[in-house]
Amino acid sequence: NATAACYLSTKAQRAEQAERMSRCSSEFPEKLLTKKQKSAAQIYVADAQIAQEINNHLEPHFKQSACDTVVELNPGPGHLTRHLLDRESQFRKIILLESTEHFMPRLQELHALYPDRVKVKHGDFVSLWKLAFMDKMDSGMRVVDLLNDVPQKQFTEDINTLVVGGIGSYPFFKHLVNSLIFQTSLYNLGRCEMILAVPPPIYIHLTCSNDIGYLLYRSTSVLFQILFEYRYIAKVPREHFLPQQAKHTLTKNSKLGKVKAINPEYLYLVKFQPRRNLHELCSVQDLPALWFFIKQNLVSRRNRIIPNLEKWVPGCGPRLIINQSASMPIAPLYADEDIGELPPYSMPCTTMNNRDYFSNINIYTQFGDLSPSQMLTLFTQFRQWPEYSESSFLASLENTLLKLESVTDEPGLDDGVNLPEEDDISSEHVEELVEEATPKPSKNHKRKPNNATA
């Protein structure tokens, strides 16, 4: 019967998993084999089978790249490293960054075999944001030391290095956004391209459209899509990575159940790099202002565009309502991308411009109604108004940047800055995407529950 068949299927899966763990036991430390995690920051390729599958998926993307330097994150026993080594004509320099001491002797053997081509370093690239924070506290050189083998190029040149690996850390992606905005850390060296295996909720959060609702479409989503070119490649089975994935239990009435239930048994292979024309869309000097503009205006889904902007530039509403400028449409960035293959709620990457005007704006239009390109356009309009230079917006920005400079706690760095209303997705339990939704007032004006936010 169906129950017996289900039991046998589960039993077979358990036996297969046990056999896989047995094969891995000679290569991995016990803590990676036995401890299941809901949201592992460091993700290891566990066997040769998945390494071959990843290599097959990445083959066309490697061919498109002229980059001759690759950084592999947490190579572990080297399953994927072997495929990188096979590309002698392309990857002349392979930098292996390993965070677990257990694997260092084996990786050092690779360096001994290929002394000029393979560099090995014990360090935690995934916690780059922590290293940057510690450097700031004691004027250290941890980030510089970790990245000292990475070549440097001008931002407008081709990518300086290719990074491959698995990352499940949401603070890492926030750090990449901050690195681009504030010209620090990794992107000081050039437009590094990354090809990563990431948990579905993280990628969907970064690339979703506003159609999904405000629980997922947040300031980080908008900033990521403005700053980066990105592309979904494929999904790969989570069971072939370590540490093992703990089962997700969806709570009753979970607002995010539909997102957490998307492909939990897979990781997404994705690639992204900063837009080459980013500084044409927004000057380096104005990037912090763009960041602050988006962060401040997306702290609540009820934030309406005209009333909010009139706090900074009184009387600006009519010029937005009667805007006569012709809009420039955006277009898909990758003509060969199959939209039907994309994860649910994920938007294909598009071109970006600052003349993509939202049509028929009125006093009720909310910031959450805007696409990333329309948000960039609105900021560009705001920036060009003659009142901008004397507006209270600049004083608020300066005050926030001063707080950022003097921040003395780690969560402050993680969040970019301690904006009091900032309610981005939780970094502690990214798989739950814990957002505090602002409940809409009910028609009968019932009292809010104690755990509701204002």
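Since the structure is predicted, the reported quantities are computational estimates derived from the model, not experimental observations.

Reading guide: rules and limits
- Residues numbered from 1 in each chain as written.
- Predicted model: local features only at pLDDT ≥ 70, side-chain atom pairs only at ≥ 80, totals over all residues.
- Heavy atoms only, no water.
- Helix = DSSP H or I, 4+ residues; strand = E, 2+ residues; numbered from the N terminus.
- Contact = heavy atoms within 4.5 Å.
- Areas by Shrake-Rupley, 256 points an atom, 1.4 Å probe, with all protein chains shown as cover.
- Core = buried A, V, L, I, M, F, W, Y, C linked by side-chain atoms within 4.5 Å.
- Buried < 20%, exposed > 50% of the residue type's maximum accessible area, 1.4 Å probe, protein only.
- Pairing = 2+ DSSP bridges.
- Right-handed = clockwise from strand over helix to strand, strands pointing away.
- Phe/Tyr/Trp six-rings, centres within 6.5 Å; stacked < 30°, edge-to-face > 60°.
- Lys NZ or Arg CZ within 6 Å of the ring centre and 35° of its normal.
- Polar contact = N/O pair within 3.5 Å; in protein donor to acceptor, adjacent residues only side chain to side chain.
- Axes fitted to C-alpha atoms, helices over the stretch in contact; angles between N-to-C directions.
- Left-handed = near helix turned anticlockwise from the far one by under 90°.
- Nonpolar A, V, L, I, M, F, W, Y, C, P; charged D, E, K, R; others polar.
- Lys, Arg positive; Asp, Glu negative; His and termini not counted.
- Salt bridge = Lys/Arg side-chain N within 4 Å of Asp/Glu carboxyl O.
- UniProt positions renumbered as here; feature names shortened; annotations may be inferred.

A. Broad picture of the overall build of the protein chain. In terms of helices and strands, the protein chain carries 18 helices and nine strands. Long-range pairs, those at least 24 residues apart, make up 76% of the contacts in the protein chain between residues at least 6 apart in sequence. Only carbon and sulfur atoms are counted for the fraction: they give 50% of the accessible area of the protein chain, which is about 21500 Å².

B. Region of the structure containing the nonpolar core. Phe125, Phe173, Met194, Phe272, Phe293 and Leu309 are the most contacted members of the largest nonpolar core, which has 85 residues in total. Ranked by the residues each element gives to this core, the list is headed by helix α13 (residues 287-297), at seven residues. If we ignore the near neighbours within four places in the chain, the residues touching Phe293 are Leu309, Trp312, Phe367, Met375, Leu378, Phe379, Phe382 and Phe393. Within the second largest apolar cluster, 38 residues are counted, among which are Val45, Ala46, Phe103 and Ala234.

C. Quick look at the pairing of strand β3 (residues 93-98). Of all six residues making up β3, five are buried, and the element is well covered by its neighbours. Pairing of strand β2 (residues 69-73) with β3 involves five bridges; the strand directions are parallel. Note on β3: the bridge partner recorded for Leu73 is Leu97. Taken together, the five bridges between β3 and strand β4 (residues 118-122) define a ladder with parallel strand orientation. Directly across from Ile95, in β4, lies its bridge partner Lys119. Between the parallel pair β3 and β4, the chain is carried across by helix α5 (residues 104-113), and the sense of this crossover is right-handed.

D. Local environment of the packing of aromatic side chains. In the structure shown here, the tally under the stated rule is 27 aromatic pairs. On the basis of an interplanar angle of 35 degrees and a centroid distance of 5.3 Å, the ring pair of Tyr44 and Phe103 is categorised as tilted. Of this pair, Tyr44 sits in strand β1 (residues 42-45) while Phe103 sits in the loop between β3 and α5, and the two are 59 residues apart along the sequence. Given a relative accessible area of 1%, Tyr44 falls into the buried group. The interplanar angle of 70 degrees and the centroid separation of 6.4 Å between the aromatic rings of Phe293 and Phe393 together place this pair among those described as edge-to-face. Of this pair, Phe293 sits in helix α13 while Phe393 sits in helix α17 (residues 392-406), and the two are 100 residues apart along the sequence. Overall, Phe293 belongs to the buried group, its relative accessible area being 0%. For Arg231, the ring lying beneath its charged end belongs to Tyr334, and the centroid distance is 4.7 Å. Above the plane of the ring of Tyr266 lies Lys235, whose end atom (NZ or CZ) is 4.7 Å from the centre.

E. Just the pairing of strand β7 (residues 228-237), in detail. Burial runs high along β7: nine of the 10 residues are buried. Inspection of the sheet shows β7 paired to strand β9 (residues 266-274) by nine bridges, in the antiparallel sense. The residue bridging Lys235 from the neighbouring strand is Tyr268, located in β9.

F. A look at unusual backbone geometry. Between Leu242 and Pro243 the backbone carries a cis peptide bond, its omega angle lying at 0 degrees. Inspection of the secondary structure assignment puts Pro243 in the loop between β8 (241-242) and α11 (257-260). Of note, the phi angle at Asn74 is positive, near 45 degrees, even though the residue is not glycine. With respect to the helices and strands, Asn74 occurs in the loop between β2 and α4 (81-85). On the basis of relative accessible area, Asn74 is assigned to the buried category, the value being 5%. Phi at Ser185 is positive, roughly 55 degrees, even though this residue is not glycine. Given a relative accessible area of 14%, Ser185 falls into the buried group.

G. Representation of the side chain of Asp135. Looking at the secondary structure, you find Asp135 in helix α6 (residues 128-138). A distance of 3.0 Å separates the side chain of Asp135 from the backbone nitrogen of Val143, its partner in a polar contact. Once residues lying within four places of it in the same chain are set aside, the contact partners of Asp135 are Gly140, Met141, Arg142 and Val143.

H. A look at the packing of α13 against helix α16 (residues 372-384). Between α13 and α16, the least distance of the axes is 11 Å, while the angle of their chain directions is 115 degrees. Note that α13 runs across α16; the crossing there is right-handed. Here α13 contributes Ala289, Leu290, Phe293 and Ile294 to the contact with α16, which in turn contributes Met375, Leu376, Leu378, Phe379 and Phe382. Tallied by class, the residues present in the contact of α13 with α16 amount to nine nonpolar, no polar and no charged.

I. Region of interest: the side chain of Arg117. Inspection of the secondary structure puts Arg117 in the loop between α5 and β4. For the buried Arg117, which has no salt bridge, the nearest side chain bearing the opposite charge is Glu88, at an N-O separation of 4.9 Å. Polar contacts involving the side chain of Arg117 include one to the main-chain carbonyl oxygen of Leu84, which spans 3.3 Å. A polar side-chain atom of Arg117 sits 2.9 Å from the main-chain carbonyl oxygen of Leu85. Setting aside residues up to four positions removed in sequence, Arg117 forms contacts with Leu84, Leu85, Arg87, Glu88, Phe91, Arg92, Lys93 and Ile94.

J. Representation of the UniProt feature "binding site: S-adenosyl-L-methionine" (unreviewed entry) in the protein chain within the structure. Look at the UniProt record and you will see "binding site: S-adenosyl-L-methionine" (unreviewed entry) annotated at Val45, Glu98 and Asp124. By the element assignment, Val45 lies in strand β1. Once residues within four sequence positions are removed from consideration, Val45 is found in contact with Phe28, Ile50, Ala51, Ile54, His79, His240 and Phe241. Here Asp124 shows up in the loop between β4 and α6. Ignoring anything within four residues of it in the chain, the contact list for Asp124 reads Gln42, Ser99, Leu131 and Leu146. Among the polar contacts listed, one links the side chain of Asp124 to the side chain of Gln42, at a separation of 2.7 Å.

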